[in-house]
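# Structural overview
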Amino acid sequence: RPLAGRGGMEGPAPWKRLSKEELEDQYSPSRWVIRRGAEEALRTYSHIGDEATKKARATRKSLLHVSYGDGEGEKLDIYFPEGVSEASPFCLFFHGGYWQSGSKDTSAFMVNPLTEQGVTVVVVAYDIAPKGTLDQMVDQVTRSIVFVQKQYPCNEGIYLCGHSAGAHLAAMMLLANWTKHGVTPNLKGFFLVSGIYDLKPIVYTSQNAPLLMTLEDAQRNSPQLLLEVALTRPLDPACHVLVSVGQHDSPEFHRQSKEFYQTLRQGGWNASFEEIHDMDHFEIIWNLTQKDYVLTQMILRTILQEP
Ligand SMILES: N[C@@H](CC(=O)c1ccccc1NC=O)C(=O)O
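Residues numbered from 1 in each chain as written. Predicted model: local features only at pLDDT ≥ 70, side-chain atom pairs only at ≥ 80, totals over all residues. Heavy atoms only, no water.

If you look the chain up in an unreviewed UniProt entry, it shows as Kynurenine formamidase from Canis lupus dingo. According to the UniProt record, the Subunit (unreviewed entry) comment for the chain reads "Homodimer." As recorded by UniProt, the Sequence similarities (unreviewed entry) comment attached to the chain reads in full: "Belongs to the kynurenine formamidase family." (UniProt positions renumbered as here; feature names shortened; annotations may be inferred.)

## Brief notes about the side chain of Ser 88
Locating Ser 88 in the fold gives a position in the loop between strand S2 (75-79) and strand S3 (90-94). When neighbours within four sequence positions are excluded, Ser 88 is seen to be in contact with Gly 118, Thr 120, Asn 155 and Glu 156. (Helix = DSSP H or I, 4+ residues; strand = E, 2+ residues; numbered from the N terminus. Contact = heavy atoms within 4.5 Å.)

## Re the UniProt feature "active site" (unreviewed entry) in the chain
In this numbering, the UniProt entry assigns the feature "active site" (unreviewed entry) to Ser 164, Asp 249 and His 281. Separation in sequence by 118 residues is not matched in space for these annotated residues, since their most distant C-alpha atoms are only 10.7 Å apart. By the secondary structure assignment, Ser 164 is in the loop between strand S5 (158-163) and helix H5 (165-172). Apart from the residues within four sequence positions on either side, Ser 164 is in contact with Gly 96, Val 193, Ser 194, Gly 195, Ile 196, Phe 253 and His 281. Of note, His 281 is situated in the loop between strand S8 (270-276) and helix H10 (283-286). Contacts of His 281, omitting those with residues within four sequence positions, involve Pro 29, His 163, Ser 164, Ser 194, Asp 249 and Phe 253.

## Notes on the sheet that holds strand S7 (residues 240-246)
The strand order across the open sheet formed by eight strands is S1-S2-S4-S3-S5-S6-S7-S8, and the pairing between neighbours is mixed. Two strands close off the open sheet at either side, each with one partner strand: strand S1 (62-67) and S8. Neighbouring strand axes in the sheet, compared pairwise and without regard to direction, differ in orientation by 15 degrees on average. Relative to strand S6 (residues 187-193), S5 runs parallel, the two being bridged by six bridges. Looking at S6, one finds that Tyr 159 is bridged to Gly 189. (Pairing = 2+ DSSP bridges. Axes fitted to C-alpha atoms, helices over the stretch in contact; angles between N-to-C directions.)

## Focus on the pattern of salt bridges
Counting across every chain of the model gives 18 salt bridges. In this structure, Glu 74 engages Arg 143 in a salt bridge whose closest nitrogen and oxygen atoms are separated by 2.7 Å. One end of the pair, Glu 74, is in the loop between S1 and S2; the other, Arg 143, is in helix H4 (residues 134-151), with 69 residues separating them in the sequence. Glu 116 is paired through a salt bridge with Lys 291; the nearest N and O atoms lie 3.0 Å apart. Of the two residues, Glu 116 is situated in the loop between helix H3 (111-115) and strand S4 (120-124) and Lys 291 in the loop between H10 and helix H11 (294-303); the sequence distance between them amounts to 175 residues. Given a relative accessible area of 44%, Glu 116 falls into the partly exposed group. Judged by its relative accessible area of 48%, Lys 291 is partly exposed. (Salt bridge = Lys/Arg side-chain N within 4 Å of Asp/Glu carboxyl O. Buried < 20%, exposed > 50% of the residue type's maximum accessible area, 1.4 Å probe, protein only.)

## Points about the environment of Glu 86
Tracing the backbone through its elements, the reader meets Glu 86 in the loop between S2 and S3. Take Glu 86: its relative accessible area is 47%, and that puts it in the partly exposed class. Once the C-alpha coordinates of Glu 86 and Pro 234 are considered, the two residues, 148 residues apart in sequence, prove to be 26 Å apart.

## Section: H4
With 18 residues, H4 ought to run about 26 Å at 1.5 Å a step, and its terminal C-alpha atoms sit 26 Å apart, in line with that. Of the positions making up H4, those classed as buried are Leu 134, Met 137, Val 138, Gln 140, Val 141, Thr 142, Ser 144, Ile 145, Val 146, Phe 147, Val 148 and Gln 149. (Expected span 1.5 Å × (residues − 1).)

## Re the packing of aromatic side chains
By the definition in use, this model includes eleven aromatic pairs. Residues Trp 15 and Tyr 204 carry aromatic rings whose centres are separated by 5.7 Å and whose planes lie at 35 degrees to one another, so their mutual orientation is tilted. Note that Trp 15 is positioned in the segment before helix H1 (20-26) and Tyr 204 in the loop between S6 and helix H6 (208-211), a separation of 189 residues in sequence. Given the relative accessible area of 6%, Trp 15 is considered buried. On the basis of relative accessibility, which here comes to 38%, the residue Tyr 204 falls in the partly exposed class. Between Phe 90 and Tyr 152, the aromatic rings sit 4.8 Å apart at their centres with planes inclined by 35 degrees, giving tilted as the arrangement. Of this pair, Phe 90 sits in strand S3 while Tyr 152 is found in the loop between H4 and S5, placing the two residues 62 residues apart along the sequence. (Phe/Tyr/Trp six-rings, centres within 6.5 Å; stacked < 30°, edge-to-face > 60°.)

## Regarding the packing of H4 against H5
The N-to-C vectors of H4 and H5 enclose an angle of 65 degrees; their axes lie 9 Å apart at closest approach. In the packing of H4 onto H5, the handedness of the crossing is right-handed. Contact residues: Leu 134, Met 137, Val 138 and Val 141 in H4; His 168, Leu 169 and Met 172 in H5. (Left-handed = near helix turned anticlockwise from the far one by under 90°.)

Here's what the structure looks like:
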């Protein structure tokens, strides 16, 4: 029997069995935090992102608000390691916020621990809804990567890290067609953190109000659905994909991550899956400010190619 769809599982997608209320719950990450209330979790996430960005801008050499395209929102921040050398590995970060909140100006979580180890970190802005559509955001993210490759052709690898909606945008790059952009980026790894890979359930939640996604939009922008039918294999078989999810993320977030990981493996990708112990949807990313955090260490080991 051919392995197709959800790892060979037959029948309708499990989320279709959920009531409207259950679906809303499963796709509201702040309702699943255990150490604080929902509002406090979101406030703490913004606060830590804000502080990390201030610290990064005060302590690191940087190029801020660099245009990667003509659009007003097409900007990125580059944070350099000590002893600026363009021949470093680059890690691009795509923030979350359900494609409708968040900003590069509050998302420099990983900058200090990574630049300290010789990695250049790029925090990318994209036009969130209602200004941007999913198609536009995917195109902007594609062009931001092309820009970095063209600007820094001597890079020692480009790594993409995304959180939640940002993990979705990063995952879409597994399927990007680079030929029309005139350059193939030196992609060496993906760090997908608490991501969403099948957007169809989102269409039925309140999160879709500013997004205005149709089922067709969702289909076209779902790496899970695209990978299931793609005949493409990874360009670089060494390119590593880490799919990670927080222990306290909702069951639907767990299911999405596991199924995406399984689909990657079936497609021949060098993928691994990690459930990050005792982390909720927000802690999992704000702890990247800490160099001794398990996910920071996994990212650094992959980039620095240590065992
Ligand atoms: N209103 C959402 C907010 C949210 O999901 C979120 C907030 C900040 C960063 C990432 C998020 N989730 C996915 O992108 C919630 O219920 O938590």
